[in-house]
Protein chains: 2
Amino acid sequence: MLGVVKAMANSKLYKGSLNTIILKLLDEEGKMYGYEITQKVKKLTKGELNITEGALYPALHKLEAEGLLDVEVAKVDNRLRKYYKLTEQGVREKTNRLAELEEFVRNMQQLVNPKWSIE
Amino acid sequence: MLGVVKAMANSKLYKGSLNTIILKLLDEEGKMYGYEITQKVKKLTKGELNITEGALYPALHKLEAEGLLDVEVAKVDNRLRKYYKLTEQGVREKTNRLAELEEFVRNMQQLVNPKWSIE
DNA sequence: CAAATATACATAATTTTCTTATGCATAAGG
DNA sequence: CCTTATGCATAAGAAAATTATGTATATTTG
């Protein structure tokens, strides 16, 4: 019995962007737990981007191990939640990642030309 | 003796975008050879994106194997060049990839918010 | 003119990042 | 009661890149 779990994305372009997404959402929301992140992303992209658990949880663990996230365990309705939030280093890294993302978009615009513009 | 070869890019965001870049450049230029692509990309991004040979050549071979590219060997100044151009299927696929790229940017904009806008 | 750099291809080993497939457990809805 | 939703986790494998080589000719530079 498989629950037809849609992949993270149709295209391969999202590779490498998961960490940036996580850092930015945590910066906005203050703290979030894993499942909440997947739902938030799904909603914001109108179902077009589904983060898989196999990608998300290892990513969260890695960011935590790198000192970019702090974790806090909570029990809600007898179910476990692990709330993540940015550390100070995480806030700095988030800023860097967003700058890289803007640069990426700027460069892709030059290469692949342009229906979109910056600013 | 190592020639300090810079990586394809500082950030990981470019992962997955190489094929799209290749298809679009070939569409614009008509035909190009591998080394020419690396130089063109370097120039267009003002040196910020350096495609490595280890990424480029396997990608070209794969695109050719998939029927998206045709190759034509030439000898210039006693040196080998392999000119690639889009097949009909390659043209169609280029269109798809560009649409995916736009969708990717649109989704990232929703997620990570917004200094850039589409259109 | 010798040495270094640029041009031009290629591939193998490894790493990173993701998909796919599981696994466990509780809550809610039909 | 059975399915779906919530919530975590990890392992096996694939895909795409990095890093490190290797070969060869042409050009520039000290």
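As a reminder, the structure under discussion sits directly above these lines.
The present account deals with the structure reproduced in this document. (Residues numbered from 1 in each chain as written. Chains lettered and ligands numbered in written order. Predicted model: local features only at pLDDT ≥ 70, side-chain atom pairs only at ≥ 80, totals over all residues. Heavy atoms only, no water.)

Brief notes about the packing of aromatic side chains
Just so we agree on the cut-off: Within 6.5 Å between ring centres, the rings of Phe, Tyr and Trp (the latter by its six-membered ring) count as paired, and their orientation is classed by plane angle as stacked under 30 degrees, edge-to-face over 60, tilted in between. Here a strand is any run of E in DSSP of at least two residues, a helix any run of H or I of at least four, and the numbering for each starts at the N terminus. Here's how the labels work: a residue is buried when its accessible area is under 20% of the maximum for its type, exposed when over 50%, partly exposed in between, all with a 1.4 Å probe on protein chains only. Only when the NZ atom of a Lys or the CZ atom of an Arg is both within 6 Å of the ring centre and within 35 degrees of the ring normal do we say a charge sits over the ring.
One pass over the full model with this rule turns up five aromatic pairs over all chains. Considering the side-chain rings of Tyr-14 of chain A and Phe-104 of chain B, the 4.9 Å spacing of their centres and the 85 degrees angle between planes classify their relative orientation as edge-to-face. In this pair, Tyr-14 of chain A sits in the segment before helix H1 (18-29) while Phe-104 of chain B sits in helix H4 (residues 88-112), so the two residues belong to two different chains. The two residues Tyr-14 of chain A and Phe-104 of chain B agree in class, both being buried. Taking 5.2 Å as the distance between ring centres and 75 degrees as the angle between the ring planes, the aromatic pair formed by Tyr-33 of chain A and Tyr-83 of chain A counts as edge-to-face. Remark: Tyr-83 of chain A occurs in strand E3 (residues 79-86) and Tyr-33 of chain A occurs in strand E1 (residues 32-33); sequence separation between them is 50 residues. In this structure an aromatic cluster arises from ring pairing among Tyr-14 and Phe-104 of chain A together with Tyr-14 and Phe-104 of chain B. Looking at Lys-31 of chain A, its charged tip hangs above the ring of Tyr-83 of chain A, at a distance of 4.5 Å from the centre.

A word on helix H2 (residues 34-44) of chain B
Structurally, the α-helix is built with 3.6 residues per turn, so residues lying three or four positions apart point the same way. What counts is decided by this rule: In this context, the arc is that of the directions from the helix axis out to the C-beta atoms. When checking whether two residues touch, look at their non-hydrogen atoms; a contact exists if any pair is within 4.5 Å.
Of the positions making up H2 of chain B, those classed as buried are Gly-34, Ile-37, Thr-38 and Val-41 of chain B. Buried residues along H2 of chain B cover an arc of 100 degrees about the axis, so they all sit on one side. Residues of H2 of chain B that are exposed and point more than 90 degrees away from the buried face comprise Tyr-35 and Lys-43 of chain B. For H2 of chain B, the secondary structure elements touched by its buried residues are helix H4 (88-112) of chain A together with helix H1 (18-29), strand E1 (32-33), helix H3 (53-65) and strand E3 (79-86) of chain B. Lys-46 of chain B sits one or two positions beyond H2 of chain B and adopts a positive phi of about 55 degrees.

Considerations on the sheet that holds strand E2 (residues 69-76) of chain B
Residue and element names in this part refer to chain B. Stated formally: Pairing between strands requires that DSSP locate at least two bridges from one strand to the other. Here an angle of 0 to 180 degrees is reported between the N-to-C directions of two axes, which are lines fitted to C-alpha atoms, with helices fitted over the stretch in contact.
Within the open sheet, the three strands sit side by side as E1-E3-E2. Their pairing is antiparallel. Strand pairing shows two members of the sheet lacking a second neighbour, E1 and E2, which therefore form its edges. The sheet contact formed by E1 and E3 spans two bridges and is antiparallel. If you follow Met-32 over to E3, its bridge partner there is Tyr-84. Across the sheet, H3 lies against E2 and E3, angled at about 130 degrees from E2, the strand it touches most.

Considerations on the pattern of salt bridges
Residues and elements named next belong to chain A. Heads up, the rule is: In the sections that follow, a salt bridge refers to a side-chain nitrogen of Lys or Arg positioned within 4 Å of a carboxyl oxygen of Asp or Glu.
Scanning the entire structure with this criterion turns up 10 salt bridges over all chains. Lys-94 is the salt-bridge partner of Asp-27, the closest N and O atoms lying 3.2 Å from each other. Taken together, the residues span a long stretch of sequence, with Asp-27 in helix H1 and Lys-94 in helix H4 at a distance of 67 residues.

Thoughts on the interface of chain B and chain A
The following threshold applies: Take the accessible area each of two parts loses on contact, using a 1.4 Å probe, and add the two losses: that sum is the buried area. Think of a polar contact as two N or O atoms within 3.5 Å of one another; within protein, one of them needs to be a possible hydrogen donor and the other a possible acceptor, and neighboring residues in sequence only count if both atoms come from side chains. Charged means Asp, Glu, Lys or Arg here, nonpolar means Ala, Val, Leu, Ile, Met, Phe, Trp, Tyr, Cys or Pro, and polar covers whatever is left, Gly included.
Counting from both sides, the interface comprises 36 residues of chain B and, opposite them, 36 residues of chain A. Interface area for chain B against chain A, summed over the two sides, is near 3,800 Å², with a carbon-plus-sulfur share of 63%. In this structure, the connection of chain B to chain A is made through zero salt bridges. At the junction of chain B and chain A, the tally comes to four residue pairs in polar contact (both at pLDDT 80 or more). Mapped by element, the contributors of at least two residues to the side of chain B that touches chain A are H1, H2, H4 and strand E4 (116-118) of chain B. Looking at the side of chain B that touches chain A, the element that brings in the most residues is H4 of chain B, giving 12 residues. Residue composition of the side of chain B that touches chain A, by class: 16 nonpolar, 10 polar and 10 charged.

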